[in-house]
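Spelled out, the chains give:
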Amino acid sequence: MLMTRKELDSRLGGAARAWLDESLAEAAHAADAGEDATTVYAARSWEMRFAAAGRQCGQDNADTVRALLLVEARADAATLTRLYQQGSAAERRAVLLALPQLAPPPSAGLPLVEDALRTNDTRLVAAAVGPYAFEYLDPHAWRHALLKCLFTGVPVESAHGLERRIRGDAELARMLGDYAAERTAAGRPVPADLHRVLALTSPTEEI
């Protein structure tokens, strides 16, 4: 989960806070530079800082630092796509977590979400099922995203708006039943979260 700037500052030492202030200033400069001669340098500068966030501010703070940089730079769809495709798993996760704040069009943001859901990296899967996925994934893709959470052991609470999207979803109930039957037939345990999700698909479930 991302922190507020106040929460982040309380966790950072003086040197890290100074580095963050400089980094955000460079990101803001890149956002304001337009197409003049400084644009390429400014973009490279803040993007290098995006990659260095874990080293400079600590791995536990890196998601929030990177998200702040993306927002300050007003990163567009092309930038988000490039940083995601070229980044480490940690950098990809930060892009996914920042999607709700940046609100790129679905044609740009959904391919990143869908790519993360094809991995077995639980931190990427958890980041992918946030508010952006809640808003834009179609019902079919949303159902498969929940199954991916169950399959990889990602807590279903990671899925933003879980109850609102699955209440009364008979097709999801069928898919969950089939998945549970397959696991049982193979002598494998059924994830505990499956029963909770299945119960929530009932149209009479009170939340």
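Anything mentioned here points back to the structure above.
Read on for an overview of the structure. (Residues numbered from 1 in each chain as written. Predicted model: local features only at pLDDT ≥ 70, side-chain atom pairs only at ≥ 80, totals over all residues. Heavy atoms only, no water.)

When its secondary structure is counted, the protein shows 13 helices and 0 strands. Along the protein, from the amino end to the carboxyl end, the secondary structure elements read α-α-α-α-α-α-α-α-α-α-α-α-α. Principal-axis analysis of the C-alpha atoms places the extent of the protein at approximately 60 × 35 × 30 Å. By the burial criterion, 45% of the 207 residues in the protein qualify as buried. Counted over contacts in the protein with a minimum sequence separation of 6, partners at least 24 positions apart contribute 66%. Looking at the protein, you have 23 positive and 28 negative side-chain charges, and the mean spots of the two groups are 4 Å apart. (Helix = DSSP H or I, 4+ residues; strand = E, 2+ residues; numbered from the N terminus. Buried < 20%, exposed > 50% of the residue type's maximum accessible area, 1.4 Å probe, protein only. Contact = heavy atoms within 4.5 Å. Lys, Arg positive; Asp, Glu negative; His and termini not counted. Charge placed at Lys NZ, Arg CZ, Asp CG, Glu CD.)

One simple way to see leftover space: roll a probe sized like a water molecule over the atoms. The volume enclosed by the second largest pocket comes to roughly 230 Å³. In terms of lining, the second largest pocket is formed by 17 residues, of which the most central are Met1, Leu97, Pro100, Gly130 and Pro131. Every element with two or more residues in the lining of the second largest pocket is listed here: helix H6 (89–102), helix H8 (122–128) and helix H9 (131–136). Broken down by element, the residue count for the lining of the second largest pocket peaks at 5 residues, all from H6. Here the residues of the lining of the second largest pocket are counted per class, giving 12 nonpolar, 4 polar and 1 charged. (1 Å grid on protein atoms, 1.4 Å probe; cavity = no way out; pocket = protein on both sides within 12 Å on 5 of 7 lines; lining within 4 Å. Points joined across faces, edges and corners; volume = space filled by probe spheres on them. Nonpolar A, V, L, I, M, F, W, Y, C, P; charged D, E, K, R; others polar.)

It is worth spelling out helix H5 (residues 77–86) at this point. Regarding H5, the residues found buried are Thr79, Leu80, Leu83 and Tyr84. The buried residues of H5 occupy one face: seen down the axis, they fall within an arc of 125 degrees. Within H5, the exposed residues directed more than 90 degrees away from the buried face are Ala78, Gln85 and Gln86. (Arc of directions from axis to C-beta.)

Let's shift gears to the nonpolar core. One finds Trp46, Leu70, Leu96 and Val113 to be the most contacted residues of the largest nonpolar core, which totals 64 residues. The element best represented in this core is H6, accounting for 7 residues. Residues within four places of Val113 in sequence aside, it is in contact with Leu96, Leu99, Ala128, Tyr132, Ala133 and Leu137. (Core = buried A, V, L, I, M, F, W, Y, C linked by side-chain atoms within 4.5 Å.)

One non-glycine residue, Arg74, lies in positive phi territory at about 50 degrees. Topologically, Arg74 is positioned in the loop between helix H4 (62–72) and H5.

Turning our attention to the packing of H5 against helix H7 (residues 106–117). In the contact formed by H5 and H7, the axes pass within 9 Å of each other and the chain directions differ by 15 degrees. Relative to H7, H5 is oriented roughly parallel. Classified by chirality, the crossing of H7 by H5 is left-handed. From H5, Ala77, Leu80, Thr81 and Tyr84 reach across to H7, where they touch Ala108, Leu112, Asp115 and Ala116. In the contact of H5 with H7, the residues fall into 6 nonpolar, 1 polar and 1 charged. (Axes fitted to C-alpha atoms, helices over the stretch in contact; angles between N-to-C directions. Parallel < 35°, antiparallel > 145°, perpendicular 65-115°, else oblique. Left-handed = near helix turned anticlockwise from the far one by under 90°.)

Right, let's get into H6. The terminal C-alpha atoms of H6, which comprises 14 residues, lie 19 Å apart, in line with the 20 Å expected from a rise of 1.5 Å per residue. In terms of burial, H6 is a largely internal element, 10 of the 14 residues being buried. Of the residues one or two after H6, Ala103 is the one with positive phi, at around 50 degrees. (Expected span 1.5 Å × (residues − 1).)

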